[in-house]
There are 2 protein chains.
Amino acid sequence: MKLQLQIKMNENLFLRNPELTELGRNIVKHGIQLISQNGFEAFTFKKLAEVIGTTEAGVYRYFENKHLLLLYIIAWYWGWLEYHIGFQTNNVTDPVVKLKKVIKLLATAVVDDSTTNYIDESLLHQIIISEGSKAYLTKQVGEDNKHQFFKPYKDLCAVIGDVILACSPKYKYPRSLATTIIEMAHFQNFFMNNLPSLTDFGKNKAESDIVLFLNDLVFSSIKKG
Amino acid sequence: MKLQLQIKMNENLFLRNPELTELGRNIVKHGIQLISQNGFEAFTFKKLAEVIGTTEAGVYRYFENKHLLLLYIIAWYWGWLEYHIGFQTNNVTDPVVKLKKVIKLLATAVVDDSTTNYIDESLLHQIIISEGSKAYLTKQVGEDNKHQFFKPYKDLCAVIGDVILACSPKYKYPRSLATTIIEMAHFQNFFMNNLPSLTDFGKNKAESDIVLFLNDLVFSSIKKG
DNA sequence: TCCTAAAAGATAGTATTACTATCATAAATA
DNA sequence: TATTTATGATAGTAATACTATCTTTTAGGA
């Protein structure tokens, strides 16, 4: 039997639910492909429409604009990752082991998850690295936040914060450390590949080194307090 | 006697050196104002031209496009900050004291520097927080890097890395820790003010708390190794 | 002081982007 | 089979991101 994973999405992200139709799924699927290929700035609904054989208007029926489409796929990714982390750390009782696992999952290339058939998680992971912060680094961040568009990210941050607290109940900055882990897992990866002198991973270019760095950073911080 | 600070800029950032003319200085000055007010996405050369009473073509004579103008002011900021840090930590021999000072300077609101008359550093600091990573999170990052547009950021990173090594000669990740300090000084600030549940600073919203967090993070990492 | 070159102003024009609107047709569903 | 609902086809608009050209100022040098 084939299982299908469904991520419950915030309905304000779209005009029409893209999961329910072929066209909608194509918009998401090829949207992810185009954004990861050409970057978010060069991405337009017109190009997307051409690729999937529909018209601009067709795309606009699903998403108000490309920023909302970006928020949609990013929210999807955080939702999926929280599920994925929960799945992978299930039955792990030791919070230290759990936190190490989380760091590894965050900092390591994602393998495509076959339980989500039209979404390529490894491309999504690349988008998170290169475009992720553009989701909130806008003037409308307050508005978008009111609509709860960042809830999946916040939820994941809370989950990681709880693991941190389980490791070290007196640690004072669980949320900020959680966002530091998440953001640095991605920024160090981007720097390693694009501006290597900003990191210590320029020679090897190995994600495993980022994991070592983050482990060192996190566990020295929470152990002493 | 009034001293004037000049930052040597990479000539490939502009078509005509904006420092040398009234119009050029106005482009930079009001560019900074508009970007900090409305955000980089909403910023256009047409609006800028209207504000300073020239035409779009006038602005295009100085900067090829708005991305280059962003790179220019960001490079200027990093250059200025490196100078500022050097000045403020001059005669500080203890590297731990020095590193603490650096963290404070990075994470604390900038006061306008009167030795740079047409540039408002506190607005620039806001731009770095909200738009800073857009400088390199693009598909042209490789090209821009070849032109050395990120040199000031890299130089600052190297300086901070050296202070870290002076504190702890065996520490393995001086560059990555330096970028972590820089990026987190800004991201935690942005989150604190816009998505507070991603941080532990939501109640106070005090920059001094970010400084405490970063000090804790940095010094527990480098002390033990 | 006049001359000249560089800078700025004025104006026009183009391709692309980011949409909105309308109407016809096809597909799904009741 | 009737009727929503989704899609396709086409058109149109305002704004963006430029490029081009020509004229007028302005500043500096001989």
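Structure first, text after, so check above.
Here the structure is a predicted model, which is why all the values come from computation and not from measurement. Sequence positions are assigned chain by chain, starting from 1 and proceeding in written order. Here chains are named by letter from A upward and ligands by number from 1 upward, in the order in which they appear as written. A pLDDT threshold of at least 70 governs which residues receive local features in this predicted model, and a stricter bar of 80 or more applies before side-chain atom pairs are shown or counted, although totals over entire chains, interfaces and linings include all residues. Side-chain metrics in this entry use all non-hydrogen atoms of the structure; hydrogen atoms and water are not considered.

### A look at the layout of surface pockets
- Of the grid points, spaced at 1 Å and generated over the protein atoms alone, those admitting a 1.4 Å probe that cannot get out make up cavities, while open sets with protein on both sides within 12 Å along at least five of seven lines make up pockets; any residue with an atom within 4 Å of a point is treated as lining. Grid points are joined across faces, edges and corners, and a volume is the space filled by probe spheres set on the points. Space inside the largest pocket adds up to approximately 420 Å³.
- Each helix is a run of DSSP H or I of at least 4 residues and each strand a run of E of at least 2, with the numbering of both proceeding from the N terminus. Taken together, the elements giving at least two residues each to the lining of the largest pocket come down to α4 (66-88) of chain A together with α4 (66-88) of chain B.
- When grouped by side-chain class, the residues that make up the lining of the largest pocket number four nonpolar, six polar and six charged.
- Looking at the second largest pocket, its volume works out to about 250 Å³.
- Lining the second largest pocket are 13 residues, with Lys-8, Met-9, Lys-151, Pro-152 and Asp-155 of chain B sitting closest to its centre.
- For the lining of the second largest pocket, the secondary structure elements donating two or more residues are α4 and α8 (151-167) of chain B. Note on residue classes: Ala, Val, Leu, Ile, Met, Phe, Trp, Tyr, Cys and Pro are nonpolar, Asp, Glu, Lys and Arg are charged, and everything else, Gly too, is polar.

### What about the interface of chain A and chain B?
- In this description, contact between two residues means that some pair of their heavy atoms is separated by no more than 4.5 Å. With 48 residues of chain A at the contact, the number on the chain B side is 48 residues.
- Both sides of the chain A and chain B interface together cover about 4200 Å² of buried area, and 64% of this is carbon and sulfur.
- A per-residue breakdown of the area chain A buries against chain B is headed by Leu-137, Tyr-173 and Leu-198 of chain A, which together make up 16% of the total.
- What counts as a salt bridge is simple: a side-chain nitrogen of Lys or Arg found within 4 Å of a carboxyl oxygen of Asp or Glu. Summed over the shared surface of chain A and chain B, the result is zero salt bridges.
- Broken down by secondary-structure element, the contributors of at least two residues to the side of chain A that touches chain B are α1 (22-38), α6 (121-131), α7 (141-146), α8 (151-167), α9 (174-194) and α10 (207-224) of chain A. Buried area is understood as the total, over both parts, of accessible area removed when two parts are fitted together, assessed with a 1.4 Å probe.

### Some details on the protein's contact with DNA strand C
- Contacts to DNA strand C come from 17 residues, most closely from Tyr-60 and Asn-65 of chain A together with Thr-54, Arg-61 and Tyr-62 of chain B.
- Expressed as a percentage, the sugar and phosphate content of the atoms of DNA strand C within 4 Å of the protein is 51%.
- Here a sugar or linking oxygen of DNA strand C and a side-chain polar atom of Tyr-60 of chain A are 3.1 Å apart.
- In this structure, a phosphate oxygen belonging to DNA strand C sits 3.3 Å away from a side-chain N or O atom of Arg-16 of chain B. Definition of nearness: a residue and a molecule or strand are near each other if at least one heavy atom of the residue lies within 4 Å of the molecule or strand. The term polar contact refers here to a pair of N or O atoms within 3.5 Å; inside protein, the definition further demands a hydrogen-donor-capable atom paired with an acceptor-capable atom, and it admits residues adjacent in sequence only when both atoms are side-chain atoms.

### Overview of the relation of the copies chain A and chain B
- The copies were overlaid by least squares, fitting only the C-alpha atoms of residues that reach a pLDDT of 70 or more in each copy. Of the transformation superimposing chain A on chain B, the axial component is 0.0 Å and the angular component is 180 degrees, with the fit at an RMSD of 0.0 Å. Accordingly, the operation relating the two chain copies is best matched by a two-fold axis. Across chain A, the rotation axis passes nearest the C-alpha of Ser-220 of chain A, at a separation of 2.8 Å.
- A share of 100% of interface residues in chain A that are also interface residues in chain B marks the association as one of identical surfaces.

### What about the packing of α8 of chain A against α9 of chain A?
Residue and element names in this part refer to chain A.
- Remark: α8 packs on α9, axes separated minimally by 8 Å, with the N-to-C direction vectors making an angle of 115 degrees. When the axes of α8 and α9 are compared, the pair comes out roughly perpendicular. Regarding α8 and α9, the two cross each other, and that crossing is right-handed. Across the interface between the two elements, Tyr-153, Leu-156, Cys-157, Ala-158, Ile-160, Gly-161, Ile-164 and Leu-165 from α8 touch Pro-174, Arg-175, Leu-177, Ala-178, Thr-179, Ile-181, Ile-182 and Glu-183 from α9.
- Here the contact of α8 with α9 is built from residues that sort into 12 nonpolar, two polar and two charged. Axes, fitted as lines to C-alpha atoms, cover a helix only where it is in contact. Angles between the N-to-C directions of the axes lie from 0 to 180 degrees. Roughly parallel means an angle under 35 degrees; roughly antiparallel, over 145; roughly perpendicular, 65 to 115; everything else is oblique. Helix crossings fall into two classes, left-handed where the near helix is turned counterclockwise from the far one by less than a right angle and right-handed where it is turned clockwise.

### A short note on the side chain of Thr-199 of chain B
- For Thr-199 of chain B, the location among the structural elements is in the loop between α9 (174-194) and α10 (207-224).
- Setting aside chain neighbours within four positions, we find Thr-199 of chain B in contact with Arg-175 and Ser-176 of chain A together with Gln-188, Phe-191 and Met-192 of chain B.

### Details of the packing of aromatic side chains
- Classification of ring pairs rests on two measures: the distance between centres of Phe, Tyr or Trp rings, Trp counted by its six-membered ring, which must be within 6.5 Å, and the angle between planes, read as stacked under 30 degrees, edge-to-face over 60 and tilted in between. One pass over the structure, following the stated rule, counts 39 aromatic pairs over all chains.
- Note on Phe-201 of chain A and Tyr-173 of chain B: the rings are 6.1 Å apart at their centroids and 50 degrees apart in plane angle, and the pair reads as tilted. Of this pair, Phe-201 of chain A sits in the loop between α9 and α10 while Tyr-173 of chain B is found in the loop between α8 and α9, placing the two residues in two different chains. For the pair shown, Phe-201 of chain A and Tyr-173 of chain B are each scored as buried.
- Measuring from centroid to centroid gives 4.9 Å for Phe-45 of chain B and Tyr-60 of chain B, while their planes differ by 65 degrees, and the two rings are edge-to-face. Of the two residues, Phe-45 of chain B is situated in helix α2 (residues 45-52) and Tyr-60 of chain B in helix α3 (residues 56-60); the sequence distance between them amounts to 15 residues.
- Each residue's exposure class comes from its accessible area (1.4 Å probe, protein chains only) as a fraction of the maximum for that residue type: buried when under 20%, exposed when over 50%, partly exposed otherwise. What makes Phe-45 of chain B buried here is its relative accessible area of 4%.
- A relative accessible area of 41% places Tyr-60 of chain B in the partly exposed class.
- Here, over-ring charges are defined by two tests on the NZ atom of lysine or the CZ atom of arginine: distance to the ring centre within 6 Å, and angle to the ring normal within 35 degrees. Above the ring of Tyr-62 of chain A, the side-chain terminus of Arg-16 of chain A is found at 5.6 Å from the ring centroid.

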